[in-house]
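Structure assessment
Single-letter residue listing:
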Amino acid sequence: MFNLKFLCSLACLLCLPLLAVRAQDTPVAVPDSAQQPVDIAKMAAAKSKKSVYEATYLSADIFDPIATAFTGKFEFSVAADVSLWHRLFPAIEIGVMGYNQQQEDYHYTTAGGFVKVGANYNFLNYKPNRKKDHAVFAGVRYGYSFTSYQLQDAHIANNYWNETGVYSNDKRTAHFGWVEFQIGVRVQVYKQFFMGAALEIRTFGHYYQKEPYYPSIIAGFGSDANTTNFGLLYHLTYQFPAKK
């Protein structure tokens, strides 16, 4: 009896190494995701593959046409800007201006056009997973305008000789440049439709040529009597998003 138990125990001890070897040879089921090697380069490329160009915006200013009823000066402009990373927005603005001042002792007319070129920088909401394309921005422009102006039927009195004369001059054109700073906001109200407002600070004005006299109102800049003018833009905007 003792010999039988001893023989069984010895047989079990001899089989243990064989079982261990068989366990090592048996393949272990590995999930498919673990079997595929991780391509670090592809992951980095996918992470950095963020579109530079995101959209184009077309805007129309509606504040100045409404203000015409109160100031008598008509001005209207349209603008376009391009979204790069939703941070940098190169922009261009084109507009026209007209002013007709009829008084008892003179008639003054001025009209012209202007263009502004520059860029805005967005400080808000530029993450790729954003739900809305709102923007809070600051920007800078260089403006250029050409303004034609004419004074007609100006009654000039000479108190010494007790005489009154009528003076008119030929139409002239002045070319003017300035630097403009902007601070504003643009809000996405419905799908591709936006509304926004901006404060304009126009300064560093300069004429391109000397004239005997200059226009009282400069297209795009404002009053010639001020070294710095302020303006308010209230615009409606439509977005042309990039194709995904």
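Quantities reported herein were computed from a predicted structural model and do not represent experimental measurements.

Conventions used here
- Residues numbered from 1 in each chain as written.
- Predicted model: local features only at pLDDT ≥ 70, side-chain atom pairs only at ≥ 80, totals over all residues.
- Heavy atoms only, no water.
- Helix = DSSP H or I, 4+ residues; strand = E, 2+ residues; numbered from the N terminus.
- Buried < 20%, exposed > 50% of the residue type's maximum accessible area, 1.4 Å probe, protein only.
- Contact = heavy atoms within 4.5 Å.
- Areas by Shrake-Rupley, 256 points an atom, 1.4 Å probe, with all protein chains shown as cover.
- pLDDT = per-residue confidence, 0-100.
- Salt bridge = Lys/Arg side-chain N within 4 Å of Asp/Glu carboxyl O.

Helix and strand content of the protein chain: 4 helices and 12 strands. Going through the 244 residues of the protein chain one by one, you find that 30% of them count as buried. Long-range pairs, those at least 24 residues apart, make up 64% of the contacts in the protein chain between residues at least 6 apart in sequence. A total accessible area of about 16,300 Å² is found for the protein chain, and carbon and sulfur atoms account for 65% of it.

With 74% of its residues at a pLDDT of 70 or more, the protein chain has an overall mean of 81. Contacts of residues 1-11 to residues separated by more than four positions or lying in other chains number 0 contacts, the stretch itself having pLDDT below 50. Under a pLDDT of 50 for its full length, residues 43-48 has, in the predicted model, 1 contact with residues more than four places off or in other chains.

A few words now on the pattern of salt bridges. Evaluation of the coordinates by the stated rule reveals 10 salt bridges. Notably, a salt bridge pairs K116 with E200, separated by 3.3 Å at the nearest N-O pair. Here the residue K116 occupies a position in strand β4 (residues 107-122), and E200 occupies one in strand β9 (residues 193-207), the gap between them amounting to 84 residues. Overall, K116 belongs to the buried group, its relative accessible area being 2%. On the accessibility criterion, E200 (1% relative accessible area) is buried. Two residues, R202 and E180, come together in a salt bridge whose shortest N-O distance is 3.6 Å. Highlighted residues: R202 in strand β9 and E180 in strand β8 (residues 172-190), separated in sequence by 22 residues. The pair formed by R202 and E180 is uniform in burial state, with each residue classed as buried. Connected through salt bridges with shared partners, the residues E93, K116, E180, E200 and R202 form a single ionic network.

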